[in-house]
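Per-entry structural report
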Amino acid sequence: ETGVTQTPRHLVMGMTNKKSLKCEQHLGHNAMYWYKQSAKKPLELMFVYSLEERVENNSVPSRFSPECPNSSHLFLHLHTLQPEDSALYLCASSQGTGELFFGEGSRLTVL
Amino acid sequence: GQNIDQPTEMTATEGAIVQINCTYQTSGFNGLFWYQQHAGEAPTFLSYNVLDGLEEKGRFSSFLSRSKGYSYLLLKELQMKDSASYLCAVRDLRNTPLVFGKGTRLSVIA
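Conventions and cut-offs
Residues numbered from 1 in each chain as written. Chains lettered and ligands numbered in written order. Predicted model: local features only at pLDDT ≥ 70, side-chain atom pairs only at ≥ 80, totals over all residues. Heavy atoms only, no water. 1 Å grid on protein atoms, 1.4 Å probe; cavity = no way out; pocket = protein on both sides within 12 Å on 5 of 7 lines; lining within 4 Å. Points joined across faces, edges and corners; volume = space filled by probe spheres on them. Helix = DSSP H or I, 4+ residues; strand = E, 2+ residues; numbered from the N terminus. Nonpolar A, V, L, I, M, F, W, Y, C, P; charged D, E, K, R; others polar. Core = buried A, V, L, I, M, F, W, Y, C linked by side-chain atoms within 4.5 Å. Buried < 20%, exposed > 50% of the residue type's maximum accessible area, 1.4 Å probe, protein only. Pairing = 2+ DSSP bridges. Axes fitted to C-alpha atoms, helices over the stretch in contact; angles between N-to-C directions.

As for the layout of surface pockets
- Within this model, the largest pocket holds a volume of roughly 800 Å³.
- Along the walls of the largest pocket sit 29 residues, with Q37(A), A39(A), K40(A), S85(B) and R105(B) positioned nearest its centre.
- Broken down by secondary-structure element, the contributors of at least two residues to the lining of the largest pocket are β1 (3–5) and β9 (84–90) of chain B.
- It is β9(B) that contributes the most residues to the lining of the largest pocket, three residues altogether.
- Class assignment for the residues of the lining of the largest pocket results in seven nonpolar, twelve polar and ten charged.
- Approximately 250 Å³ is the volume attributed to the second largest pocket.
- Considering the residues around the second largest pocket, the lining is formed by 17 residues, among which L43(A), Q2(B), L98(B), V99(B) and F100(B) are closest to the centre.
- Elements with a contribution of two residues or more to the lining of the second largest pocket: β5 (44–50) of chain A together with β1 and β10 (99–100) of chain B.
- Residues that form the lining of the second largest pocket fall into these classes: nine nonpolar, five polar and three charged.

In structure tokens:
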């Protein structure tokens, strides 16, 4: 139990579906992150929110849309995804630039 | 640009010592982290180095040489449960997010 909870743990969707991934942190941190983890590739940073403001967007396609309604919750809205978007999506939080605490991840399969 | 290199896979014997190397080229340097990730689980923090030298934490130690852009994670008295991926990550500037290497998958065999 890392204090960061992600739902759903597994998601299968078609290319025309719209779905959302949810992340909640119970650690009182002020920064939250979305990372993508694909086989044989490094963890790729997608989005960073600090104090609920998006501070980084690493050239992620617009079919991924993040939302951070408060410092404890982070969403990743998905629409018209491609099969190559199939991956493990990891949420993390930190206090400032301290160590990252990761959630268990949401395993996404796009058919 | 940023580049972090670590071996893809390693195998070691239970009870032995293993060293996992990480080299990095980044525009700046503000700390190096090691994380452990078991299959199907979240990465968990192992160690942090920002100054040259060795940081020891139980069976795990991490070493940093900033002039060489080099770090290693040393695991002693290996146990089967140490079979996992080990991720090296670097922060290049003070307030920037971590950049990760591809990870080293360690298999501990009897």
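Considerations on the nonpolar core
- In this structure, W34(A), F64(A), L76(A) and L78(A) are the most contacted members of the largest nonpolar core, which totals 22 residues.
- Residue assignment for this core shows that the elements contributing at least two residues are β2 (10–13), β3 (18–25), β4 (31–37), β5, β7 (64–70), β8 (73–79), β9 (87–94) and β11 (106–110) of chain A.
- Residues A12(B), L32(B), F60(B) and L75(B) belong to the second largest nonpolar core, which totals 20 residues.

Some points on the sheet that holds strand β7 (residues 60–65) of chain B
Residue and element names in this part refer to chain B.
- Ordered in space as β1-β3-β8-β7-β6, the five strands form an open sheet in which the pairing is antiparallel. Two strands close off the open sheet at either side, each with one partner strand: β1 and β6 (53–57). Each neighbouring strand pair of the sheet contributes to a mean axis angle of 15°, computed without reference to strand direction.
- The sheet contact formed by β6 and β7 spans five bridges and is antiparallel. Within β7, the residue paired with K57 across the bridge is F60.

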